[in-house]
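One letter stands for each residue in the lines below.
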Amino acid sequence: MSEDQTLKAIQYQRGSLEILDQLKLPDESIYISIKSVDDAWKAIHTMSIRGAPAIAVCGVLSLAVDLHHSQSKFDSIASVQQYVTDQLNYLVTARPTAVNMSDAAKTIIDYLIPSSIKHQDLSAYIDDLIVFMEQFLKRDLADNRAIGRYGAEAISQTSTNAKKLTVLTHCNTGSLATVGFGTALGVIRQLAANDQLQLAYFTETRPYNQGSRLTAYELVHDRIPHTMICDSMAGLLMRTQPIHAVVVGADRVTANGDTANKIGTYQLAILAKHHQIPFYIAAPTTSIDLSKKTGDEIVIEQRPPKEMTSIKGINIAAEGVQVWNPSFDITPAQLITGIITEHGVFKPAELEEKLLALQSTKTSS
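I will try to describe carefully the structure that is included in this document. (Residues numbered from 1 in each chain as written. Predicted model: local features only at pLDDT ≥ 70, side-chain atom pairs only at ≥ 80, totals over all residues. Heavy atoms only, no water.)

## Here's the deal with unusual backbone geometry
Thinking step 1. The peptide bond linking L25 to P26 adopts the cis configuration, its omega dihedral lying at 5 degrees.
Thinking step 2. Following the sequence through the fold, P26 ends up in the loop between β2 (16-20) and β3 (31-33).
Thinking step 3. Residues R206 and P207 are joined by a peptide bond in cis, for which omega reads 5 degrees.
Thinking step 4. Checked against the element boundaries, P207 lands in the loop between β5 (197-203) and α7 (210-222).
Thinking step 5. Of note in this structure, M47 is not a glycine but carries a positive phi near 70 degrees. (Helix = DSSP H or I, 4+ residues; strand = E, 2+ residues; numbered from the N terminus.)

## Examining the packing of aromatic side chains
Thinking step 1. Taken as a whole and judged by the stated rule, the model has four aromatic pairs.
Thinking step 2. Between F74 and Y83, the ring centres sit 5.3 Å apart and the planes meet at 65 degrees, which makes this aromatic pair edge-to-face.
Thinking step 3. F74 sits in the buried class, given a relative accessible area of 9%.
Thinking step 4. For the ring pair F132 and F136, a centre distance of 6.2 Å and an interplane angle of 85 degrees mean the geometry is edge-to-face. Linking F132 with F136, this pair stays in helix α5 (residues 122-157), spanning four residues, or about one helical turn.
Thinking step 5. For F132, a relative accessible area of 13% gives the class buried.
Thinking step 6. A residue is classified by how much of its surface remains accessible, and F136, at 11% relative accessible area, is buried.
Thinking step 7. Among the aromatic side chains, those forming a connected cluster through ring pairs are Y111, F132 and F136.
Thinking step 8. Over the ring of Y208 we find R213; its NZ or CZ atom is 5.5 Å from the centre of that ring.
Thinking step 9. The ring centre of F328 lies 4.8 Å from the NZ or CZ of K262, which sits over that ring. (Phe/Tyr/Trp six-rings, centres within 6.5 Å; stacked < 30°, edge-to-face > 60°. Buried < 20%, exposed > 50% of the residue type's maximum accessible area, 1.4 Å probe, protein only. Lys NZ or Arg CZ within 6 Å of the ring centre and 35° of its normal.)

## Details of the layout of surface pockets
Thinking step 1. If you add up the space inside the largest pocket, you get close to 880 Å³.
Thinking step 2. Around the largest pocket, the lining comprises 29 residues; the ones closest to its centre are D103, T107, T285, T286 and K362.
Thinking step 3. Secondary structure elements with two or more residues in the lining of the largest pocket: α2 (52-69), α4 (99-118), α5, β11 (288-289) and α11 (351-364).
Thinking step 4. Considering every element that reaches the lining of the largest pocket, the biggest residue donor is α4, with eight residues.
Thinking step 5. Split into classes, the residues belonging to the lining of the largest pocket amount to eleven nonpolar, eight polar and ten charged.
Thinking step 6. As a volume, the second largest pocket reaches approximately 410 Å³.
Thinking step 7. Residue lining of the second largest pocket: 16 residues in total, with L23, Y208, E307, S310 and K312 positioned closest to the centre. (1 Å grid on protein atoms, 1.4 Å probe; cavity = no way out; pocket = protein on both sides within 12 Å on 5 of 7 lines; lining within 4 Å. Points joined across faces, edges and corners; volume = space filled by probe spheres on them. Nonpolar A, V, L, I, M, F, W, Y, C, P; charged D, E, K, R; others polar.)

## Points about the nonpolar core
Thinking step 1. I10, L67, V84 and M133 are the most contacted members of the largest nonpolar core, which totals 46 residues.
Thinking step 2. Elements that contribute at least two residues to this core include exactly β1 (10-13), β2, α1 (37-45), α2, α3 (77-92), α4 and α5.
Thinking step 3. For this core, the element with the most residues is α2, which contributes eleven residues.
Thinking step 4. Contacts of L67, omitting those with residues within four sequence positions, involve F74, V80, Y83, V84, I126, I130 and M133.
Thinking step 5. The next biggest cluster of nonpolar side chains, apart from the first, holds 28 residues, and it includes Y201, I229, A234 and V246. (Core = buried A, V, L, I, M, F, W, Y, C linked by side-chain atoms within 4.5 Å. Contact = heavy atoms within 4.5 Å.)

## Overview of the packing of α1 against α2
Thinking step 1. Interaxial distance between α1 and α2 falls to 8 Å at its minimum, and their mutual angle equals 165 degrees. Here α2 runs roughly antiparallel to α1, going by the angle between their axes. Relative to α2, the crossing made by α1 is right-handed. Contacts between α1 and α2 pair V37, A40 and I44 from the former with I55, C58, G59, S62, L63 and D66 from the latter.
Thinking step 2. Among the residues making up the contact of α1 with α2, the classes are represented as six nonpolar, two polar and one charged. (Axes fitted to C-alpha atoms, helices over the stretch in contact; angles between N-to-C directions. Parallel < 35°, antiparallel > 145°, perpendicular 65-115°, else oblique. Left-handed = near helix turned anticlockwise from the far one by under 90°.)

No statement about biological role is implied by the geometric values presented.
Below is the structure:
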């Protein structure tokens, strides 16, 4: 499928940013104009845009748009630096469990001083920052393509007896969760492109139905063979059907390989372990947080009760019912077969060492 035929969660050109409102899918395909950092914060917090990579790119590009249209309000490079730092720290608070936004914020903040050394003219400095921010868009798509290739190769190598593979995924990790192609769903897309995919099972992903609303939308759009199941059907599926791998995304991976992802991921990993099915995490290295040693250090976002008790404004639970609605759970590293990144597939035990080596190589070059 060519690039212009693929679904796009983000449409950007210098000074203009639009996002596909995922709260309206699959009924309507409506793009929302993001004209400020405040607009982006609201879109991220309400989940009009979601998926850790897409959240980061949306946040960064909203600041690029903001800078483009407000250059006249700055009187010095120092005032730009303070503004950019404040706005990035604000964006991180929209959905704190997803690490990609905080990683992007750190990367940009670290660039503020080096850029000011190169560009001492205020206008040139702002333009350089905007160009730097725009690179996040291209980088995410390239990373997803690499994740797809590495993931498809890894899964096919662990299932050498099968001509075509059947996989299970959870939540939405495709073009709607990223700039394009996707992470876990990118692996499925690559398997399909390689003519190695028999069937992609996916969960409806309660309570917000990212599977039935978004993953279904993508798989139907791309004409990839698929079957949706309720979250509670996964155990029976694994016991009665040939599932060659489970592949899911991640909102944050810690140094030891523990992974925060959409609620329901942990139970899939336990089921996969019991049925001896390989369980993979597909995520760019920007989702890996080496500052946190284990999943116990990750703050789990709590979502509003209404997301569980109603669908499209219609109550599906008894009035006054008490609700516990964590958005994520933590899958322990020992349940994970491999973590698929844009640099290759790593076992959880080797993840930190491999990433530090990659960072060292980048620094020395």
